[in-house]
Amino acid sequence: MAGTGVLMLLFLVAHMLGNLKVFFGPEEFNSYAGWLRTIGEPVLHASWFLWLQRFGLIACVVLHGVAAYQLSRRDLAARPTRYQHRPPARASYATRTMRWGGVILALFIVWHILDLTTLTVNPLGKPHHPYENVVADFQVWYVNVIYIVAMLALGFHIRHGFWSAAQTLGANSRDRDRLLKVTANVLAVALTAGFIAVPVAVMIGVVS
Amino acid sequence: MTAATHGTTSTSTMKLTLRIWRQHSPEDGGSMVTYQIEGVSPDMSFLEMLDVLNEDLILRGEEPVAFDHDCREGICGACGMVINGRAHGPERTTTCQLHMRQFSDGDTIDIEPWRAAAFPVVKDLVVDRSALDRVIQAGGYITAPTGSAPEAHATAVPKEAADFAFEHAECIGCGACVAACPNGSAMLFTSAKVNHLNVLPQGAPEREGRVLDMVAAMDEEGFGGCTNSGECTIACPKGIPLQSIADMNREFFRAATKRRR
């Protein structure tokens, strides 16, 4: 869970920063999207790096999900009889929503690929015109709702997930605990704000 | 506190409703049974309150409530029950050191046994915690020649290591961490025992085998996995910190990579 989580987190930071290119206009955004297909050239053939990354990320998502399923099965089996008196949990909202938040994110990833990679459900769906597709997307109210809700879920998932990964990997200690929790919160807020900035910008007309 | 103010707390007594898990045998289904109890002093410990209830039950010809207890000083780890959904009740202490002044007159108190697949109920509030003993048997000791006590200055222990070891040695193995964990996990217990010995020079020769064997034994007993919810460390009467689990994980990775070489 921790290893695949950290790999996906690294990708998300790069993804979020790349998305912000949308604020510099269609030319820069579209040429950036084109450049992504040239990474690794001339050692790799065109788009090979992109495909390697895609397979790597899909493997991460699947392994992360399988590990979560196995852990949940084991955890539920370890407490076969529930307590009659169940006071509110003292863990944070982020901690308590890891499982369902993860399910929401998995469904979102499917939607996101159908929307902006295969363009199947995109309102415009014009190949090689990512800027125009993004703008067309966020003019539909329910697409905005899907993206914003998913990014809030992502923020909560990272808030617990980053620090929890440090615990699992043995990177945490008494001295580092505070720093890791602050880093988790900064990452969660930065990624959520960075990703949500795009639909909000289209909604208020900053990007059109 | 003066004697006068201390005296005033014991003059009024409380009337309580108790809902207690009664289970005749491990095979029996069990259920919550309601009891009324009067004349409870705020100065009584929680176990003394149960003693009063049991005297009453015996006089009425009923079966007394079975519960584990031993030192009643908060140092042995024998007692433990889930009170209103919290392991050892509302205060961070052992059940024997919890006092009735934490409750109010007229309260209803729910009392349940530790709940975990690895802790089967023996009777009422008594559970079988020998799973923790088997984790200890897997490596929670130091193999040393017996005989006369060694010279105290023969093995120097750095101050930081001594403090770290002592903090983890405080674990009394009561099992509150397992009872409080939403996953019935024994990670905090096992980490306390591993860290206690692994940081000391006396524990160094068996450092790698200890963590690998104890974690394997823990998994075998059917305890759940850690999701870092932190409930264990809040419930722990000895305040074993949550970072102990990260410390144990670090020991585990170190041992796993070292063994492969």
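Residues numbered from 1 in each chain as written. Chains lettered and ligands numbered in written order. Predicted model: local features only at pLDDT ≥ 70, side-chain atom pairs only at ≥ 80, totals over all residues. Heavy atoms only, no water.

Undergrad: Help me understand the overall build of chain B in this model?
TA: A count of helical and extended segments in chain B gives 9 helices and 7 strands. For chain B, the spread of C-alpha atoms along the principal axes amounts to about 65 × 50 × 40 Å. Every one of the 261 residues in chain B was classed for burial, and the buried ones make up 51%. If you take every contact in chain B between residues at least 6 apart in sequence, the share linking residues at least 24 apart comes to 68%. In the structure as shown, chain B presents an accessible area of about 12000 Å², 52% of it carried by carbon and sulfur atoms. (Helix = DSSP H or I, 4+ residues; strand = E, 2+ residues; numbered from the N terminus. Buried < 20%, exposed > 50% of the residue type's maximum accessible area, 1.4 Å probe, protein only. Contact = heavy atoms within 4.5 Å. Areas by Shrake-Rupley, 256 points an atom, 1.4 Å probe, with all protein chains shown as cover.)

Undergrad: So what exactly am I meant to see when it comes to the environment of Gly209(B) here?
TA: Along the polypeptide, Gly209(B) turns up in helix H7 (residues 207-220). As a C-alpha pair, Gly209(B) and Ser148(B) span 61 residues in sequence and 27 Å in three-dimensional space.

Undergrad: When you look at the domain arrangement of chain B in this model, what are you seeing that I'm missing?
TA: Residue and element names in this part refer to chain B. Its domain assignment divides chain B into domain 1 (3-122) and domain 2 (129-144 + 156-260). Placing the centre of domain 1 and that of domain 2 at their C-alpha centroids yields a distance of 29 Å. Each partner contributes to the interface: domain 1 provides 20 residues, whereas domain 2 provides 22 residues. For the pair domain 1 and domain 2, the two sides together bury roughly 1400 Å², of which 58% comes from carbon and sulfur. Our count for the domain 1 to domain 2 interface comes out at 1 salt bridge. (Domains from an automatic or database assignment. Buried area = accessible area lost by both parts, 1.4 Å probe. Salt bridge = Lys/Arg side-chain N within 4 Å of Asp/Glu carboxyl O.)

Undergrad: Just checking my understanding: could you explain the packing of aromatic side chains for this structure?
TA: Aromatic ring pairs: the centre-centre distance and the angle between the two ring planes describe each pair. Residue and element names in this part refer to chain A. A complete count under the given rule lists 10 aromatic pairs over all chains for this structure. Ring centres 6.0 Å apart and planes at 40° place the aromatic pair Trp 51 and Phe 55 in the tilted group. On the criterion of helical spacing, the pair formed by Trp 51 and Phe 55 is a turn pair, its members being 4 residues apart in helix H3 (residues 48-77). A centroid spacing of 5.1 Å and a plane angle of 90° characterise the contact between Phe 108 and Tyr 147, whose relative ring orientation is edge-to-face. Of this pair, Phe 108 sits in helix H5 (residues 98-116) while Tyr 147 sits in helix H7 (residues 141-168); the two residues are 39 residues apart in sequence, bridging distant segments of the chain. (Phe/Tyr/Trp six-rings, centres within 6.5 Å; stacked < 30°, edge-to-face > 60°.)

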